[in-house]
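What follows is each chain in one-letter form.
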Amino acid sequence: MKKGYRLLGDFIRQVDVRNTEGKEENLLGVSVQKQFIPSIANTVGTDFTKYKVVRKGQFTYIPDTSRRGDKIGIALLEDYDEGLVSNVYTVFEVIDENQLMPEYLMLWFSRPEFDRYARFKSHGSVREVMDWDEMCKVELPVPSIEKQRSIVIPKKAKEYIKDCCGKVGLSLIIHTIRAGGWVILDGVPASGKTTIQKILYRLGYPYVMTSTDPECRIIHTLGCIDAEHQIPVDDILAELGID
């Protein structure tokens, strides 16, 4: 095992809470884009009490990796207090968030290398499955909790960046920062560039510039923010809960 790496199984545990009340709301699936999505399953005649309950801060993954484009479906629930997933999915949670942040773990799961690892570790003659034992054998770097917090962008900050740069722009920023690269924010005046830069600086990322450099990843803002929605940067930071 590489220096500084730990077994994921030391930090996670399965959760198997069933929908005993028979609720039929917020049925969720999991995409290979690592997101929860509304379920498209035919539920006519379904016994909903067999569904599993997943709560905010918990993960769900689909052990079957066959026919998924060499990717694994896994996601962290952030947008709902709870949802319902198929009983064939695996729900799990971090045992102690003071040792491993769920958001940091989700960043690790989002790496293309993890998709390749999951496919390599999947076994079966009819369906290839990455079972729970294999998930627990995953090796990953677990830095100090302070370092993990410096790597994770808070949800409200991500929402602001997405509003300014779009979903693709947000993903590119996160990917570039995770890879230790530099970001250049490009766009018209009053499009959120300076605010995004200050948000990331306050979070401890010395990765963002607003001048041209050919070795940096260029992220374009979507356009000028309406004058009525322009508010002081410090007010935005306070609203986002960033000191």
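Residue positions are given per chain, counting from 1 as you read along its sequence in written order. In keeping with the predicted nature of the model, local features appear solely for residues at pLDDT of at least 70, side-chain atom pairs appear and are counted solely at 80 or more, and the whole-chain, interface and lining totals rest on all residues. The side-chain figures draw on all heavy atoms in the structure; neither hydrogens nor water molecules are used.

**A short note on the pattern of salt bridges**
Salt bridges are identified by distance alone: a Lys or Arg side-chain nitrogen within 4 Å of an Asp or Glu carboxyl oxygen. Per the stated rule, a full pass over the model turns up nine salt bridges. The residue D16 makes a salt bridge to R18 at a minimum N-O spacing of 2.6 Å. Each member of the salt-bridge network shares a partner with another, and the members are E21, K23, R55 and E82.

**A look at helix α6 (residues 193–202)**
Those residues of α6 that sit buried are T195, I196, Q197, I199 and L200. A positive phi of about 95° marks G204, the residue just after α6. Burial classes follow relative accessibility: with a 1.4 Å probe on protein chains only, a residue under 20% of its type's maximum area counts as buried, one over 50% as exposed, and anything between as partly exposed. Put simply, DSSP H or I for four residues or longer makes a helix, DSSP E for two residues or longer makes a strand, and each gets a number counted from the N terminus.

**Considerations on helix α2 (residues 112–120)**
Here α2 has its buried residues at F114, D115 and A118. Angularly, the buried residues of α2 cover 105° about the axis, an arc narrow enough to put them on a single face. Pointing more than 90 degrees away from the buried face of α2 are the exposed residues R116 and F120. Here the buried face of α2 lies against α1 (102–109) and α3 (132–136). Here the arc refers to the directions that run from the helix axis out to each C-beta atom. Should any heavy atoms of two residues lie within 4.5 Å, those residues are considered in contact.

**Looking at the packing of aromatic side chains**
Stacked, edge-to-face and tilted are the three classes for Phe, Tyr and Trp ring pairs, Trp counted by its six-membered ring, which pair at centre distances within 6.5 Å; planes under 30 degrees apart are stacked, over 60 edge-to-face, the rest tilted. With the rule as written, the count across this model stands at nine aromatic pairs. Ring geometry for F59 against F109: centres 5.7 Å apart, planes inclined by 90°, an arrangement best described as edge-to-face. Of this pair, F59 sits in strand β6 (residues 59–61) while F109 sits in helix α1; the two residues are 50 residues apart in sequence, bridging distant segments of the chain. Classification of F59 by relative accessible area gives buried; the value is 0%.

**So, the sheet that holds strand β7 (residues 74–76)**
Each pair of strands is called paired provided DSSP finds at least two bridges between the two strands. With antiparallel pairing, four strands are arranged side by side in an open sheet as β2-β9-β6-β7. The strands lining the two open edges of the sheet, one partner per strand, are β2 (12–14) and β7. Neighbour to neighbour, the strand axes of the sheet diverge by 25° on average, direction disregarded. Relative to β7, β6 runs antiparallel, the two sharing three bridges. By the bridge assignment for β7, T60 is matched with A75. The axes are straight lines fitted to the C-alpha atoms, using for helices just the contacting stretch, and the angles between their N-to-C directions are given from 0 to 180°. Sitting on the sheet, α1 touches β2, β6, β7 and β9 (90–94), and the angle it makes with β7 is about 155°.

**Here's the deal with the environment of K137**
Mapped onto the secondary structure, K137 falls in the loop between α3 and β10 (139–141). Along the sequence, K137 and K121 sit 16 residues apart, while their C-alpha atoms lie 9.9 Å from each other. The contact partners of K137, leaving out residues within four places of it in the chain, are L7 and Y117.

**Concerning the nonpolar core**
In this description, a nonpolar core means a group of buried Ala, Val, Leu, Ile, Met, Phe, Trp, Tyr and Cys residues linked to one another through side-chain atoms lying within 4.5 Å. Core analysis: the biggest nonpolar cluster contains 53 residues, and L8, F92, L105, F109, M135, I173 and L200 have the highest contact counts within it. With nine residues, helix α5 (residues 155–178) is the single largest residue contributor to this core. For F109, the contacting residues outside a window of four places in its chain are L8, K34, F59, I74, F92, F114 and M135. Counting residues in hydrophobic clusters, the runner-up holds eleven residues, among them L28, V54, L77 and V85.

**Some points on unusual backbone geometry**
In terms of backbone geometry, most residues other than glycine have negative phi values and most peptide bonds are trans. One non-glycine residue, K34, lies in the positive phi region at around 65°. Checked against the element boundaries, K34 lands in the loop between β3 (28–30) and β4 (36–38). Judged by its relative accessible area of 12%, K34 falls in the buried class.

**Some words on the state of the cysteines**
In plain terms, two cysteine sulfur atoms within 2.5 Å form what is called a disulfide here. Under the definition given, this model contains zero disulfides. Free cysteine C164: the closest other cysteine sulfur is in C165, separated by 5.9 Å. On the basis of relative accessibility, which here comes to 5%, the residue C164 falls in the buried class.

**Here's the deal with the environment of R149**
Tracing the chain through its elements places R149 in helix α4 (residues 145–151). Given a relative accessible area of 44%, R149 falls into the partly exposed group. Considered as a pair, R149 and L203 are 54 residues apart in the sequence and their alpha carbons are 8.6 Å apart. Sequence-distant contacts of R149, defined by excluding residues within four places in its chain, comprise N98 and M101.

**Quick notes on the side chain of S122**
Mapping S122 onto the fold places it in the loop between α2 and α3. Since its relative accessible area comes to 6%, S122 is described here as buried. In protein, a polar contact means a hydrogen-donor-capable atom and an acceptor-capable atom, both N or O and within 3.5 Å, with residues adjacent in sequence counting only if both atoms are side-chain atoms; elsewhere, any N or O pair within 3.5 Å suffices. Side-chain polar atoms of S122 contact the backbone oxygen of A118, separated by 2.6 Å. Residue contacts for S122: discarding those within four places in its chain leaves T65, E128, V129 and M130.

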